[in-house]
Amino acid sequence: MAIKYGSHAREQMVARGISELEVEKAIKRGSKELQGKTKILAHYQYFTVVYKRIADDLFVITVKPR
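Each chain has its residues counted from 1, following the order in which its sequence is written. This being a predicted model, a pLDDT of at least 70 is required before a residue's local features are given, and a value of 80 or more before pairs of side-chain atoms are given or counted; all residues contribute to the totals for chains, interfaces and linings. Only hydrogens and water are removed before side-chain values are computed, so all heavy atoms of the structure are retained for them.

Caption draft 1: Region of the structure containing unusual backbone geometry. For Gln45, which is not glycine, the phi dihedral falls at a positive 45°. Mapping Gln45 onto the fold places it in the loop between strand E3 (39-44) and strand E4 (47-54). Of note in the backbone geometry, Ala55 takes a positive phi value of approximately 55° without being a glycine. Mapped onto the elements, Ala55 comes out in the loop between E4 and strand E5 (57-65). Overall, the relative accessible area of 66% leaves Ala55 in the exposed class. Runs of H or I in DSSP of at least four residues are treated as helices and runs of E of at least two as strands, each being numbered from the N terminus. The buried label applies to any residue whose accessible area, calculated with a 1.4 Å probe on protein chains only, is under 20% of its type's maximum; exposed applies above 50%, and partly exposed to all values in between.

Caption draft 2: Representation of the sheet that holds strand E2 (residues 31-35). Paired strands, as defined in this entry, are two strands with at least two bridges between them according to DSSP. Judged by pairing direction, the sheet is mixed, and its five strands sit side by side in the order E1-E5-E4-E3-E2 without closing on themselves. Strands at the two margins of the open sheet, each flanked by one partner only, are strand E1 (3-5) and E2. For this sheet, the mean angle separating the axes of adjacent strands, direction not counted, is 35°. Sheet topology note: the E1/E5 ladder contains three bridges and is parallel. The axes used here are C-alpha line fits, helices contributing only the stretch in contact, and every angle between their N-to-C directions lies in the interval 0 to 180 degrees.

Caption draft 3: Region of the structure containing the nonpolar core. We define the nonpolar core as a collection of buried residues of types Ala, Val, Leu, Ile, Met, Phe, Trp, Tyr and Cys that are connected through side-chain atoms lying within 4.5 Å of one another. Grouped together as the largest cluster of nonpolar side chains are 16 residues, with contacts concentrated most on Val23, Ile27, Phe47, Val49, Tyr51, Val60 and Val63. Looking at this core, the elements with two or more residues in it are helix H1 (7-16), helix H2 (20-29), E3, E4 and E5. We call two residues in contact when some of their heavy atoms are within 4.5 Å. Sequence-distant contacts of Val49, defined by excluding residues within four places in its chain, comprise Val23, Ala26, Ile27, Ile40, Leu41, Ala42, Val60, Thr62 and Val63.

Caption draft 4: Focus on the side chain of Thr48. Looking at the secondary structure, you find Thr48 in strand E4. Polar contact criterion, stated in full: a pair of N or O atoms within 3.5 Å, where within protein one must be able to donate a hydrogen and the other to accept it, and residues adjacent in sequence count only if both atoms are side-chain atoms. Side-chain polar atoms of Thr48 contact the side chain of His43, separated by 2.9 Å. Once residues lying within four places of it in the same chain are set aside, the contact partners of Thr48 are Leu41, Ala42, His43, Thr62, Val63, Lys64 and Arg66.

Caption draft 5: Structural view of the environment of Ala9. Note on placement: Ala9 falls in helix H1. With 51 residues separating them in the primary sequence, Ala9 and Val60 have C-alpha atoms 6.3 Å apart. Ala9 has contacts with Val60, Ile61 and Thr62, leaving out every residue within four places of it along the chain.

Have a look at this one:
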């Protein structure tokens, strides 16, 4: 399962100093919450990753502080 990033997510990661490794850990270890029917929020440490599953991949929409 690959993790793909939208341009907005990349911008937010750079602005907030959050690496791909941290995002991956958040998706694997963070507490999960559904937002609407398709979006998943992974709360981890000091940030939240908003993503959705598209086929066999995970698409990161944004990364925001908690």
